[in-house]
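# Descriptive analysis of the structure
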Amino acid sequence: MNGLELLDDLLGRARAAGAEQADAVLVAGTSLSVACRLGRTEHLERAEGRDLGLRVFVGRCSAIVSASSTDSAGFAQLAERAVAMARVVPEDPFADLADPQPPQDPAPLDLVDPAEPDAESLLTRALAAEEAALAVHGITNSEGGGAAFGRIDIHLATSRGFAGHYVRTSHSVSASAVAGSGTAMQRDHDFSSAVHLADLEEAAAIGRSAGERAVARLDPRRPKTAKLPVVFDPRVAGSLLGHLAGAINGAAIARGTSFLKEKLGSRIFPVGIFIHDDPVRHRGLRSRPFDAEGLPTRARALVEDGVLTTWLLDTRSARQLGLSSTGHAARSTGGPPSPAASNLYLAPGTLSPAALMADISEGLYVTELIGMGVNGITGDYSRGAAGFMIRDGALAEPVAEITIAGTLPEMFANLAAADDLRFKRGTDSPTVRLEGMTLAGA
């Protein structure tokens, strides 16, 4: 039986065991990864697996069971165990299945690269990345190069008649380099990931970038405490979008545990700021034709001209808030659906990064963030950081062992975006500038 036939069989067993409603998800994955260090292969792994999840409802009570075996001979026992669990848990008045709607056609998303690389080609890519990193003047050691390929098949079926399937592939290459010696060593890295190999950055360019980043961090200083403009490099600017996504997650809004719980329809960013979630982006790293409850996905602006326009909702959080799902449900085989963003990005501005910081007489350019000192209830923000000082509009000496602090509402309200957006991580941002943050240093 194919994946959807297996799920249909499992749903039938669930109904026979006493479930009034049920849904089931099957995730099948294949991955091949290699890693090398100093020209030698250190890691070669191929993994294949299939995971199955079943959620059943008895009235307003629900339970979930998961299994790594897809042998239909065990489906009856799996279903009986799930129903028995559902009969002894408390009711949840908001838990329900989504009403089926026609999903997007996965074909236009172009999420499948039919060519699967072998271990030799991946190793060649990893070695090329490391070789380019080691060739950078000042690099003294390597933490290795890596390359990987993956394919994931997702099947979903519900007792309300939804049945859907899509596949997504992924390619990646990375390098990590070390500069300096003794206690003065510094390391940095770079990577590229893409659905199609044709869109992957050249391995040599990734290695060279990793090496140059590591050398630039040598001999960092610890600046004095000050309040100044802070510029986030794109590699860390996306974390701000992650904090936004957490704050507008429907589950947090329904619990009242978000600093943005009263801000729907309000201006929280400056005029001209647009933040989008696009699950149907062509060849997107997190694109999908339907969400984890079988609802069709669509692109939408979460923030439009600075105004917060929506929450991220699944069926349960939408019911709690008296709203409709936005098609943002995500789930594992062992857990219930919950809201999550897909291809999340901050739209680019009109200024180059150089122009964005041209008028900064003294500021901080952040390339690395450390720790998770962010309070989602109050919006208080404090994280360890490293990067470079900005002096007279240009990058100056490297800095480390510092902390930057502020509040997310103030940071959002004083954010400006550069024009250098690249889709690289799934959550992506151009360079951004934030006014009036506190740098805690020496």
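Up top is the structure.
Residues numbered from 1 in each chain as written. Predicted model: local features only at pLDDT ≥ 70, side-chain atom pairs only at ≥ 80, totals over all residues. Heavy atoms only, no water.

## Observations regarding the environment of Phe57
Following the sequence through the fold, Phe57 ends up in strand β2 (residues 40–58). The sequence separation of Phe57 and Pro223 amounts to 166 residues, and the corresponding C-alpha distance is 58 Å. For Phe57, the residues in contact, after removing those within four places along its chain, are Ala19, Glu20, Gln21, Ser62, Ala95, Asp96 and Leu97. (Helix = DSSP H or I, 4+ residues; strand = E, 2+ residues; numbered from the N terminus. Contact = heavy atoms within 4.5 Å.)

## Thoughts on the sheet that holds strand β5 (residues 163–179)
Within the open sheet, the 6 strands sit side by side as β3-β2-β1-β4-β5-β6. Their pairing is antiparallel. Looking at which strands have only one partner, the edges of the open sheet turn out to be β3 (61–67) and β6 (186–194). In this sheet, adjacent strand axes meet at a mean angle of 20° when their direction is disregarded. Two strands pair when backbone bridges link them, and β5 and β6 are joined in this way by 9 bridges, in the antiparallel orientation. Bridge pairing in β6 places Ala175 opposite Asp190. Packed on one face of the sheet, helix α3 (residues 119–134) meets β1 (21–37), β2, β4 (139–158) and β5 and runs near 140° to β4. (Pairing = 2+ DSSP bridges. Axes fitted to C-alpha atoms, helices over the stretch in contact; angles between N-to-C directions.)

## Topic: the side chain of Arg217
In this structure, Arg217 sits in the loop between α4 (203–216) and β7 (226–232). From its side chain, Arg217 meets the backbone oxygen of Arg187 in a polar contact 3.4 Å long. A polar side-chain atom of Arg217 sits 3.3 Å from a polar atom in the side chain of Asp188. With residues up to four places along the chain from it excluded, the contact list for Arg217 reads Gln186, Arg187, Asp188, Glu368, Ala386 and Pro398. (Polar contact = N/O pair within 3.5 Å; in protein donor to acceptor, adjacent residues only side chain to side chain.)

## A word on the nonpolar core
Soluble globular proteins tend to pack their nonpolar side chains together in the buried interior. Ranked by internal contacts, the top residues of the largest apolar core, which has 45 residues, are Phe232 and Leu364. Broken down by element, the residue count for this core peaks at 7 residues, all from helix α5 (residues 234–247). Ignoring sequence-local partners within four residues, the contact set of Phe232 consists of Ala237, Leu240, Val366, Leu369, Tyr381, Ile404, Thr431, Val432 and Leu434. Within the second largest apolar cluster, 23 residues are counted, among which are Leu7, Leu10, Leu11 and Ala157. (Core = buried A, V, L, I, M, F, W, Y, C linked by side-chain atoms within 4.5 Å. Buried < 20%, exposed > 50% of the residue type's maximum accessible area, 1.4 Å probe, protein only.)

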